[in-house]
Amino acid sequence: MDPAKSETPGPYRRWRRPPWAGYLVAGVVAPALLAPLKDSRPVDIQAEYNQVRQSFLRGQLADSQTKADLDYRESLSRDPEWASRFLLLEAEIMVRRGHYDDALRLLGNFHPDSSHPNEQIKQLTLEGVAMLRQQQPALAGREMSRAQQLCAMADYPACGELLRARGVLAVSQGDLAQARQRFLETLAFADAHRDRFLEATATLNLGWAALHQEHYDEAVDWSWSAYKISENLGSEDLAENSAGNLGWAYFRLGDTSRALDLFLQIEKGAARIGNPQEQLTWLTTAGYVYENIGNFARAGDCYDQALTLARQINSREDIVDSLEVLTHLSIETGQLDEAGAYLEQLAPLMKANPDRLDELDVLLAQGRIAAARGQNAQAESIFRTVAADPASQTSMRLGAEHELAKLDERRGDLAAADRMYATALDAFEQARNQLKKEDSKIPFLTNAAPIYDDYVDLLIKQGRVNQALDLADHSRARTLAAGLGLNVPAQPAALDPGRIAQKTGATLLFYWLGQTQSWLWAITPAKTTLFPLPAQSQIAALVARYRDALLGPDDPLDSANADGIALYNTLIAPAAPLVPPGGNVVVLSDGALSQLNFETLLVPAPHLHYWIEDATVVSAPSLTMLASSRAAATAGRRVLLLGDALSPNPDYPELPKASIEMQEIERHFATRNETVFSGPEANPDSYLSSNPSQYAYIHFVAHGVASLTDPLDSAIILSPSVTGEDSFKLYARSIIQHPLHARLVTISSCYGGGTRTFAGEGLVGLSWAFLRAGAHNVIGALWEVSDDSTPVLMDELYAGLEQGLPPSAALRQAQLTLLRGKSDYRNPFFWAPFQIYTGL
């Protein structure tokens, strides 16, 4: 499913704390990992301790706990000092595995004397962490205060772990600023003591603090840093924790596919190393993603397994978390009695250990149950309480305000619903504006998709068709505006769709895919007509099947492909009378439709044919962009041509027909107008330093790669330019930073169009990057192109341009030449991957 339009209202409840983040290592500091312990004990017991501890730090938890317990018992009578060290190590492993009761029982029998303050600090720190995880913050604070008194006397090695534990305690108390300060102090302590392991865990916890503060792009930076340090240390367990924080940040940014991949991978690793506490964490977070994409059955399985594990290790905090998510899932699936039963199980746990975020989460659940049962007054009171509470997270406030809007709508107070939807979107925009990085803002828009969806439906229900169109387009234009230098206000502007259609000289087809109802606005200079369409899930399924057919060996026209016909009847036929024969069409697609070349849809009458026979079709990201005034395209016929690059590695072999394609293109330009980089000179530096804004045409003949998880990491593969791991990649993020005025940029490469969509942004990838940089038209590929047919098509394209045709007409003429020919190239696999995107 397209992540841009989740079937689950994402911002309904609190996001859970990632339990991996409070990673506590209260044992011997990192120098002990690098050299034997310096004392008079036998070398064999030193080596044994170091081996067990190394096993623990690499994440082999069950095995290291067994060995630590055995070594403790063996050394108890013959060497009490070493027995103490093994006991503390065993307790540390228990805490790491989530066996808090066992750890507290073991530590309760340990009584280090005052001559060993470092061991006292370790014991008190471990007890404090275990108590904190058992939701006993007062007792945890008492133990940590006792440890702090000892650290005030001298700079003991264990004081670094205490600093980190105090940071975790501050998070549990809601003092995020204090928590961040403690983690920064931990990082400084690690640096002063050259403790790489403490550095890694402090960095990880700084990512955790950023997550709690909802600074998701900052969390990505800290967590990625922690991951790299952990890998260098060989700590598989800690690397997985860092990846978990990354996954959580991506999930909250709306990047569900990357998050799910990480969570499932790490859950398997946690099960493998025998860590049930982490395993239940990954199960729960994977459940969030499944729920977010509408797979409620898989989500329920994950949550049930997590609850079972939480009860097995008697982790009260995780039991509360699991019961809360099961409550909300039951509400989502209409199982209200089941949801009530979960709330009954939560009541005594909440009473014993009050937590405001948990209380607000339960309130949201109670409000949703009341709303579902028609108890509107009670539901409204609850939602207003959650929305107004300063402790509510952004996601909780959005959820409460969204529910209030829906309550007003159900009561028939459409004006109040309108105001509340606007309030919710204002809150969302404020949170989005706090993000520092553009590539974080792109997927974050996903979080507001359910609100936009319901608000669009409300406006249409009120007969405010143009306002609904304004809002739908606004949801697409916000992030795109920053890259294009457009001024898009926080609130939707009143567009003049007829004037935009007149400016483009085309019929505009604007699509909006909704959870229960999709819409098509067909816009001509004379009028705007709204057509209802099926739900996004139904349309997405048709697109997926037809795309598979287009990539197969058979021509869909020959088999009268049912999905190709159904898509035409669904998406085009309602508006077909508004498109004059041979007319121009601008498609503004949404979600899964961004992966569809509309020219390939099968028109059933008067005889079966591809729609490209009837119209010249281009794509555009938003009406706002089409309406804007942009710098004129560069005049003349100067061309920048890069291709036939050296192979940087076996993944990207040299393209055997690249030189032929380049020669064919060069034939259409005077030598004085050509700047050509080929072979080793066809590298990213050549493009970036060429002043690309001076060229009317820019053409790449090279491999392309589209990142499914980070669209701005999409890249054109060129020759290596400098020594470096990826110096051969011309990244989308670099392309955006160099302004263009080109009439046409052509990316004659594999996956040139990009393959990832986000809400409001349409196709994100190389073509999108060039449009953002200022190109007026971009030709990109929706799937891997053929090295044999592409030189033929490009020759025809530039022949059309040489004749004075606009880029859209020149590309259509080239495609029709292949389609109407006698060779295998008549199959859409060869002529249809290329699609033109316009910014006008």
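The shown structure was predicted, so the numbers you read here are calculated from the model rather than taken from an experiment.

Q: How would you sum up the overall build of the protein? Please name residues and give values.
A: Looking only at helices and strands, the protein has 35 helices and 18 strands in total. Among the 840 residues that make up the protein, the fraction classed as buried is 62%. Long-range contacts, defined here as pairs at least 24 residues apart, represent 70% of the contacts in the protein between residues at least 6 apart. For the protein, the computed accessible surface area is about 30,400 Å², with 50% contributed by carbon and sulfur atoms.

Q: Go over the pairing of strand S8 (residues 639–645), please, and point to the residues and values.
A: Most of S8 is tucked away, with six of its seven residues classed as buried. Between S8 and its parallel partner strand S9 (residues 674–679), the chain crosses via helix H29 (residues 658–666), and the hand of that crossover is right-handed. In this structure, S8 lies alongside strand S10 (residues 697–701), joined through five bridges in parallel fashion. Pairing of Leu 642 across the sheet is with Phe 700, part of S10.

Q: Got a sec to walk through helix H13 (residues 256–272)? Specific residues and values, please.
A: In this model, H13 (17 residues) spans 24 Å end to end at C-alpha, consistent with the 24 Å of a helix rising 1.5 Å per residue. Buried within H13 we find Thr 256, Arg 258, Ala 259, Leu 260, Leu 262, Phe 263, Ile 266, Glu 267, Gly 269 and Ala 270. At the exit of H13 stands Gly 274, carrying a positive phi of roughly 75 degrees.

Q: Could you give an account of the nonpolar core, with specific residues and numbers?
A: With 144 residues, the main nonpolar core has Tyr 511, Trp 521, Leu 571, Phe 598, Trp 611, Val 745 and Phe 770 as its most contacted residues. Ranked by the residues each element gives to this core, the list is headed by helix H23 (residues 449–461), at seven residues. Formed by 60 residues, the second largest nonpolar core is a distinct cluster that contains Ile 45, Ala 68, Val 95 and Leu 206.

Q: If you had to explain the environment of Arg 73 to someone new, which residues and values would you point to?
A: Note that Arg 73 resides in helix H3 (residues 61–75). Separated by 14 residues in sequence, Arg 73 and Leu 87 place their C-alpha atoms 8.9 Å apart.

Q: With reference to specific residues and values, describe the environment of Ala 576.
A: Its place among the elements puts Ala 576 in the loop between helix H27 (562–571) and strand S4 (584–588). Each C-alpha atom of the pair Ala 576 and Thr 507 lies 9.9 Å from the other, and the pair is 69 residues apart in sequence.

Q: Got a sec to walk through the pattern of salt bridges? Specific residues and values, please.
A: Inspection of every chain in the model, using the stated rule, returns 30 salt bridges. Residues Asp 563 and Arg 545 are paired through a salt bridge, measuring 3.1 Å at the closest nitrogen-oxygen approach. Highlighted residues: Asp 563 in helix H27 and Arg 545 in helix H26 (residues 536–550), separated in sequence by 18 residues. With a relative accessible area of 44%, Arg 545 lands in the partly exposed category. Between Glu 664 and Arg 667 there is a salt bridge, with its nearest N and O atoms 3.1 Å apart. The class for Glu 664 is partly exposed, based on a relative accessible area of 24%. Note on Arg 667: relative accessible area 54%, which makes it exposed.

Q: I'd like to hear about the state of the cysteines, residue by residue, with values.
A: Applying the stated criterion to the full structure yields one disulfide. The partner cysteine of Cys 151 in its disulfide is Cys 159, sulfur to sulfur 2.1 Å. Judged by the sign of its S-S torsion, about -105 degrees, the cystine formed by Cys 151 and Cys 159 is left-handed. Of the two residues, Cys 151 and Cys 159, both sit in the buried class.

Q: Before we move on, could you go through the packing of aromatic side chains and cite the residues and values that matter?
A: Applying the stated criterion to the full structure yields 21 aromatic pairs. Taken together, a centroid distance of 5.5 Å and an interplanar angle of 40 degrees make the contact between Tyr 511 and Phe 598 tilted. Remark: Phe 598 occurs in the loop between S4 and strand S5 (602–603) and Tyr 511 occurs in strand S1 (residues 507–512); sequence separation between them is 87 residues. As far as the burial class goes, Tyr 511 and Phe 598 line up, both buried. With a centroid separation of 5.3 Å and 55 degrees between ring planes, the pair formed by Tyr 825 and Phe 830 is classed as tilted.

Q: Any chance you could break down the pairing of S9 for me, citing the residues and the numbers?
A: The two faces of a sheet get side chains in turn, since along a regular strand they alternate between them. Relative to S9, S8 is paired through six bridges, and the arrangement is parallel. Among the inter-strand pairings, Leu 641 is bridged to a residue of S9, identified as Val 676.

Q: I'd like to hear about helix H9 (residues 176–192), residue by residue, with values.
A: Over its 17 residues, H9 runs 24 Å from end to end, which matches the ideal 24 Å to within 8%, given 1.5 Å per residue. Taken as a whole, H9 has its buried residues at Ala 179, Arg 182, Phe 183, Thr 186, Phe 189 and Ala 190. Down the axis of H9, the buried set is contained in an arc of 115 degrees. They therefore lie on one face. Exposed side of H9, more than 90 degrees from the buried face: Ala 177, Asp 191 and Ala 192 are the residues found there. Looking at the buried side of H9, the elements it contacts are helix H8 (159–172) and helix H10 (196–212). With its phi angle positive at about 55 degrees, Arg 194 sits one or two positions after the end of H9.

Each value, and the rule that gives it
Residues numbered from 1 in each chain as written. Predicted model: local features only at pLDDT ≥ 70, side-chain atom pairs only at ≥ 80, totals over all residues. Heavy atoms only, no water. Helix = DSSP H or I, 4+ residues; strand = E, 2+ residues; numbered from the N terminus. Buried < 20%, exposed > 50% of the residue type's maximum accessible area, 1.4 Å probe, protein only. Contact = heavy atoms within 4.5 Å. Areas by Shrake-Rupley, 256 points an atom, 1.4 Å probe, with all protein chains shown as cover. Right-handed = clockwise from strand over helix to strand, strands pointing away. Pairing = 2+ DSSP bridges. Expected span 1.5 Å × (residues − 1). Core = buried A, V, L, I, M, F, W, Y, C linked by side-chain atoms within 4.5 Å. Salt bridge = Lys/Arg side-chain N within 4 Å of Asp/Glu carboxyl O. Disulfide = S-S within 2.5 Å. Phe/Tyr/Trp six-rings, centres within 6.5 Å; stacked < 30°, edge-to-face > 60°. Arc of directions from axis to C-beta.

All we've got here are geometric facts, nothing functional implied.
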